[in-house]
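# Tertiary structure, described
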Amino acid sequence: METGGLPLELWRMILAYLHLPDLGRCSLVCRAWYELILSLDSTRWRQLCLGCTECRHPNWPNQPDVEPESWREAFKQHYLASKTWTKNALDLESSVCFSLFRRRRERRTLSVGPGHEFDSLGSALAMASLYDRIVLFPGVYEEQGEIILKVPVEIVGHGKLGKVTLLASIDQHCSTTRLCNLVFMPAWFSPIMYKTTSGHVQFDNCNFENGHIQVHGPGTCQVKFCTFKNTHVFLHNVPLCVLESCEFMGSENNSVTVEGHPSADKNWAYKYLLGLIRSSPSLLPTENSDFLMSLDLESRDQAWSPRTCDIVIEGSQSPTTPASSSPKPGSKASLQEAEVGSDGERVAQTPDSSDGGLSPSGEDEDEDQLTYRLSYQVQGPRPVLGGSFLGPPLPGASIQLPSCLVLNSLQQELQKDKEAMALASSVQGCLIRRCLFRDGKGGVFVCSYGRAKMEGNIFRNLTYAVRCIHNSKIVMLRNDIYRCRASGIFLRLEGGGLIAGNNIYHNAEAGVDIRKKSNPLILCNQIHHGLRSGIVVLGNGKGVIRNNQIFSNKEAGIYILYHGNPIVSGNHIFKGRAAGIAVNENGKGLITENVIRENQWGGVDIRRGGIPVLRSNLICFGYSDGVVVGEEGKGLIEGNTIYANKGCGVWMMSSSLPHVTSNHVSYNGLYGVAVFSQKDGSSEFPGGHGAQENFSEDGDAILWETELEKEDDPLRRPITIALVESNSINHNGASGLYVQSSEALHVITNVIHANGDRGITVAQSSQLTRVANNSISCNRQSGVKVEAQCKVELRGNGIYDNRGHGIITKGDSTVVIENDIIGNRGSGLQLLPRSDTKVMKNRIHSFRAYGIAVRGHTKALVQENIIFQGKTNKTIFQQISNNRDCIMQNNKFLVFKKKSDTWRLVNPPARPHLESSLRGPSAAHSGQKVTAMATRITARVEGGYHSNRSIFCTIL
């Protein structure tokens, strides 16, 4: 451009003195001048925007200290919006009344005030024509009667906001009106400050105090930069209304009520408002600017990749590490066998031989003892999360989550879900964006088929932020909701819609409360630091809760009760002060593919008739148990990875009836799976498993006795006996399975491997505990121990390479039938005094001790077993005293005769045999089941050694 040699900075200084019309003309000279005008954004355009008496700071009221991306663009958007009310003049131009349009072009300015043309607003309106401008000069104007607007006019206050106060009740009968820079108060005879039933009204930069505003469909309204103090905006059947950049405070009821379905009859302004909304900057997420979904509150300001995710293990030791210096049984890394305990249980305290593979003895033995090597591979249900959760947790280490459990961005979720995208993009009823609701009772109330969309608002210090009832629908995007005295968002009576990308925190009740058949989509929100639960679903409430971060809440992250039945998937629920997810009082729900970690109570807590489907979740690093099934709890617990919790992996009461199947339960601090018979009571639960407080609305107890759905659910197969089936239970700090129960229990087709105590401990079992077709191997003490007065049936199990005895029993009704008890460090089977045992059709082998050892007075029937020779300097069978109640019949004893002897486990092959035991929903996961671990026992004499000194045994 030809600048005449003047510096660019000097041109900018000259142009900074121009007014808006002159800037527009200069920008049309040429492209160089256009770019020069644009370069004035932070100077002249900023001055024009802030100096305009009809608008406020573009980011008022939520972020008045943050500058907009472009002052020129902000000023342009406000200027265009301020002209919406005149758009119907185009319709008049095309009408037969052309003179009316021409008169609008010659609009007058009428002055009202002391010393001016008119003394009152009423007198000026009586003389006004179409589209005239009425200017109220500073003062207080009180109208004694209702003002009826019959022609389109613009009413503007002169000077700064607050100088002109209007006490009036205005009823609009014309097609359009604009009011700007005024303070409205109600007249003495009516609380209604403004009302319209068919026309369009536009409020810019006004204050409303202690009154009501009513808009009825097909009427529309456009409100911007206004303050509402204890003022109620009532929108009834409106097709479209826009409330933008407004402040609502001090309400004694709802600040905004949206009632009724949007009217199908639309006025002239509808299409212009819709075009204005679509042309303005959107709050919908984009691929380049998306909502940050951080893993921890401390790092919320740091961006993270949507493709990777780390979980950092805190603390100085893993949950399986003893807290004190005194070693647990089996924890001492020595190569000596422990002495036989008072109950006859023998513990070989050797280093953990890992997950099968090679298990050498390695100790310096006497010449008459044997060295051996046990080689086989333990296989079981593969963890759904892959290798990250196969090894022990390391202090300070990070764990990579698989892609199926990494949180998606809101944009990714909307792209996957076309219905959610359509909801997020829709505009119907009332649009409220970038507004502030504070210090009052209610924010927005949507009822009776109403429709409302809320974007980028702040709700704080209210009783509640949003209520949606009676078949209404809401869309909430990127709002902040905090410090509410009740629930943040409340839906009931079939309310629904989309709640996405919001930050909901520090509320006295639930962040989101879903009741009475409401069915919202809750997506990509942060719900945290609530004084009660994060999300509550009850009273037949439903909903889809997906891809949210729910953390640091005082009660359960998600609480499902009273026939609530949501779909909960892909959420990260962590650092709660109670359970991650609680399902009580006949609650249901499909809970799948969530990351539930570092919660104070159980990761998932199921009680009192709760019957959820818990599938494919990662439940880890909890400060108590992974899954708690309390009294009368039910449900399907399938395919979960339950890892490194400080308590038990799964803790359940004998009065519950869960189906626990195909889970990977590993590296938990106590038992892998524990079954107890205590009655419900917080003081009686290991780890503080107390019942949560009764849920109430606004502090009042509610009895849900009606509207209870009784629908059949194909996902929940009814069972009459608690079932632990097809799980991989390994490397837990105590026994893999601990039973202290007064009810029947079935333990079928599990892999119980390398646990820190016994494989299975049955401490109490007044009814039959059936243990069938399990692989029990490499546990630090005995494979199975049955205490006195227990009823246990052991059938079809493979019990291999445990550090103590294979089976040790004191039970008064124990049946051991068709098991393979091979390669254990103690005796294969040890019968303790006062036990009553039937031992039939087993294959028993011990490398170092007896195949069967009978201690004291024991009642036993030992029949049709095959017992292999272990150490040649010990007998195959040991009976300490002459015991006439111990009957031996038709047993087969195999001893070494020459070094080429080979023993094979054939006819049948090595146990467990699983093909015939797969049933129910677990059959679908047959590819993950336990496979047979042993097919052959080979015994041979190594060259150079005497035949009774060295035997090399291999189980393949």
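The written sequence of each chain sets the order in which its residues are numbered from 1. For a predicted model such as this one, the threshold for reporting local features is a pLDDT of at least 70, and the threshold for listing and counting side-chain atom pairs is 80 or more; totals across whole chains, interfaces and linings nevertheless cover every residue. In computing side-chain properties, one takes all heavy atoms of the structure into account and sets aside hydrogens as well as water.

The next thing to look at is the overall build of the protein. A run of H or I in DSSP counts as a helix once it spans at least four residues, and a run of E counts as a strand once it spans at least two, with each numbered from the N terminus. Per the secondary structure count, the protein includes eleven helices and 82 strands. By the burial criterion, 58% of the 956 residues in the protein qualify as buried. Only heavy atoms enter the contact rule, under which two residues are in contact if any of them lie within 4.5 Å. Sequence-distant contacts, at least 24 apart, represent 54% of the contacts inside the protein between residues at least 6 apart. Within the structure as shown, the protein displays about 37,500 Å² of accessible surface, and the carbon and sulfur contribution to it stands at 50%. The cut-offs for exposure are 20% and 50% of the maximum accessible area for each residue type, with area from a 1.4 Å probe on protein chains only; residues under the lower value are buried, those over the upper are exposed, and the others partly exposed. Here, Shrake-Rupley sampling with a 1.4 Å probe gives the accessible areas, and only protein chains in the shown set may cover a residue.

Let us look at helix α3 (residues 31–38). Inspection of α3 places Trp33, Leu36 and Ile37 among the buried residues, and these make up the whole buried set. Summarising the axial view, the buried residues of α3 lie within an arc of 100 degrees, below the 170-degree limit, and thus occupy one face. The directions from the helix axis to the C-beta atoms are what the arc is built from.

A few words now on the packing of helix α1 (residues 8–15) against α3. Note on definitions: angles span 0 to 180 degrees between N-to-C directions of axes, and those axes are lines fitted to C-alpha atoms, for helices only across the stretch in contact. Relative orientation of the contacting elements α1 and α3 amounts to 75 degrees, with a least axis distance of 10 Å. Relative to α3, the element α1 is oriented roughly perpendicular. Contacts between α1 and α3 pair Leu8, Trp11, Arg12 and Leu15 from the former with Trp33, Leu36 and Ile37 from the latter. Residue type decides the class: Asp, Glu, Lys and Arg count as charged, Ala, Val, Leu, Ile, Met, Phe, Trp, Tyr, Cys and Pro as nonpolar, and the leftover types, Gly among them, as polar. Residues belonging to the contact of α1 with α3 are distributed by class as follows: six nonpolar, no polar and one charged. For classification purposes, an angle smaller than 35 degrees is called roughly parallel, one larger than 145 roughly antiparallel, one from 65 to 115 roughly perpendicular, and anything else oblique.

Pairs were defined over the aromatic rings of Phe, Tyr and Trp, the Trp ring being its six-membered one, requiring ring centres within 6.5 Å. Orientation was assigned from the angle between planes: stacked under 30 degrees, edge-to-face over 60, tilted for the rest. Under the definition given, this model contains 18 aromatic pairs. Their ring planes at 10 degrees and their centres at 4.9 Å tell us that Phe208 and Phe228 sit as a pair that is stacked. Of this pair, Phe208 sits in strand β12 (residues 207–209) while Phe228 sits in strand β15 (residues 227–229), and the two are 20 residues apart along the sequence. In this structure, Phe208 and Phe228 share a single accessibility class: buried. Ring geometry for Tyr671 against Tyr738: centres 4.5 Å apart, planes inclined by 25 degrees, an arrangement best described as stacked. Taken together, the residues Tyr671 in the loop between β53 (664–666) and β54 (673–676) and Tyr738 in strand β59 (residues 737–741) connect sequence positions 67 residues apart. Linked through ring pairs, Phe184, Tyr194, Phe203, Phe208, Phe228, Phe248, Phe437 and Phe459 together constitute an aromatic cluster.

Residues qualify for a patch when their relative accessible area is over 30% and they have no salt bridge, like charges being joined within 9 Å and the nonpolar side chains of Val, Leu, Ile, Met, Phe, Trp and Tyr within 5 Å. Salt bridge, as used here: a side-chain nitrogen of Lys or Arg that lies within 4 Å of a carboxyl oxygen of Asp or Glu. On the surface, a cluster of nonpolar side chains totalling about 500 Å² of accessible area is made up of Leu6, Leu10, Met13, Ile14 and Tyr17. Mapping Met13 onto the fold places it in helix α1. Owing to a relative accessible area of 53%, Met13 belongs among the exposed residues under this scheme.

It is worth spelling out the environment of Asp625 at this point. You can see Asp625 is positioned in the loop between β47 (618–620) and β48 (627–629). Separated by 22 residues in the primary sequence, Asp625 and Gly647 place their C-alpha atoms 4.3 Å from one another. We define a polar contact as two N or O atoms separated by no more than 3.5 Å, with the added condition that, inside protein, one atom must be a possible hydrogen donor and the other a possible acceptor, whereas residues neighbouring each other in sequence contribute only through side-chain atom pairs. Within polar-contact distance, the side chain of Asp625 engages the backbone nitrogen of Cys648 at 2.5 Å.

The next thing to look at is unusual backbone geometry. Cis rather than trans, the peptide bond between Trp60 and Pro61 has omega equal to 5 degrees. With respect to the helices, strands and loops of the structure, Pro61 is situated in the loop between α4 (41–51) and α5 (71–82). For Ser448, which is not a glycine, the phi torsion comes out positive at approximately 55 degrees. For Ser662, which is not a glycine, the phi torsion comes out positive at approximately 60 degrees. One can find Ser662 in the loop between β52 (657–661) and β53. We classify Ser662 as buried; its relative accessible area is 6%.

Further remarks concern the pattern of salt bridges. If you walk through the whole model with that rule in mind, you get 25 salt bridges. Put simply, Arg178 and Glu154 hold a salt bridge, and the shortest N to O gap is 2.4 Å. Within this pair, whereas Arg178 is found in strand β8 (residues 176–180), its partner Glu154 is found in strand β5 (residues 153–157), the two being separated by 24 residues in sequence. Relative accessible area serves as the criterion here: at 2%, Arg178 is assigned to the buried category. Here Arg546 makes a salt bridge to Asp417, at a shortest N to O gap of 3.1 Å. Of this pair, Arg546 sits in strand β37 (residues 544–546) while Asp417 sits in the loop between α10 (410–416) and α11 (418–425), and the two are 129 residues apart along the sequence. Of the two residues examined, Arg546 and Asp417, each falls in the buried class.

Moving on to the state of the cysteines. Cysteine sulfur atoms that pair up within 2.5 Å are treated as a disulfide. Counted by the stated rule, this structure contains zero disulfides. In this structure Cys221 is not part of a disulfide, and its nearest cysteine sulfur, from Cys241, lies 3.2 Å away.

Moving on, we come to the pairing of strand β13 (residues 212–216). Two strands make a pair as long as DSSP finds a minimum of two bridges between them. Sheet analysis places strand β10 (residues 192–196) next to β13, joined by four bridges and oriented parallel. By the bridge assignment for β13, Ile192 is matched with His212. Direction of pairing for β13 relative to strand β16 (residues 232–236): parallel, over a ladder of five bridges. For Ile213, the partnering residue across the bridge sits in β16 and is Val233.

With that settled, the discussion passes to the environment of Asp265. Mapping Asp265 onto the fold places it in the loop between β19 (254–259) and α9 (269–279). For the pair formed by Asp265 and Val238, sequence separation is 27 residues and the distance between their alpha carbons is 9.3 Å. With sequence-adjacent residues up to four places away left out, Asp265 is seen in contact with Pro218 and Pro239.

Most of strand β31 (residues 496–500) sits inside the fold, with five of its five residues counted as buried. The alternating pattern of β31 places Gly496, Leu498 and Ala500 on one face and Gly497 and Ile499 on the opposite face, and all of these are buried. Direction of pairing for strand β28 (residues 473–477) relative to β31: parallel, over a ladder of five bridges. Pairing of Lys473 across the sheet is with Gly496, part of β31.

Turning next to the environment of Ser111. Considering the arrangement of structural elements, one finds Ser111 in strand β1 (residues 109–112). Judged by its relative accessible area of 18%, Ser111 falls in the buried class. C-alpha separation for the pair Ser111 and Leu121, spaced ten residues apart in sequence, amounts to 9.3 Å. Apart from the residues lying within four places of it in its own chain, the contact partners of Ser111 are His116, Glu117, Phe118, Val135 and Phe137.

Here we take up the confidence of the model for the protein. Known as pLDDT, the predictor's per-residue confidence is scaled from 0 to 100. Mean pLDDT over the protein stands at 78; residues scoring 70 or higher make up 74%. Every residue in residues 346–381 scores below 50 in pLDDT, and together they form 132 contacts with partners more than four places removed in sequence or on other chains. Scored below 50 in pLDDT, residues 916–956 shows 125 contacts in the model against residues more than four places distant or in partner chains.

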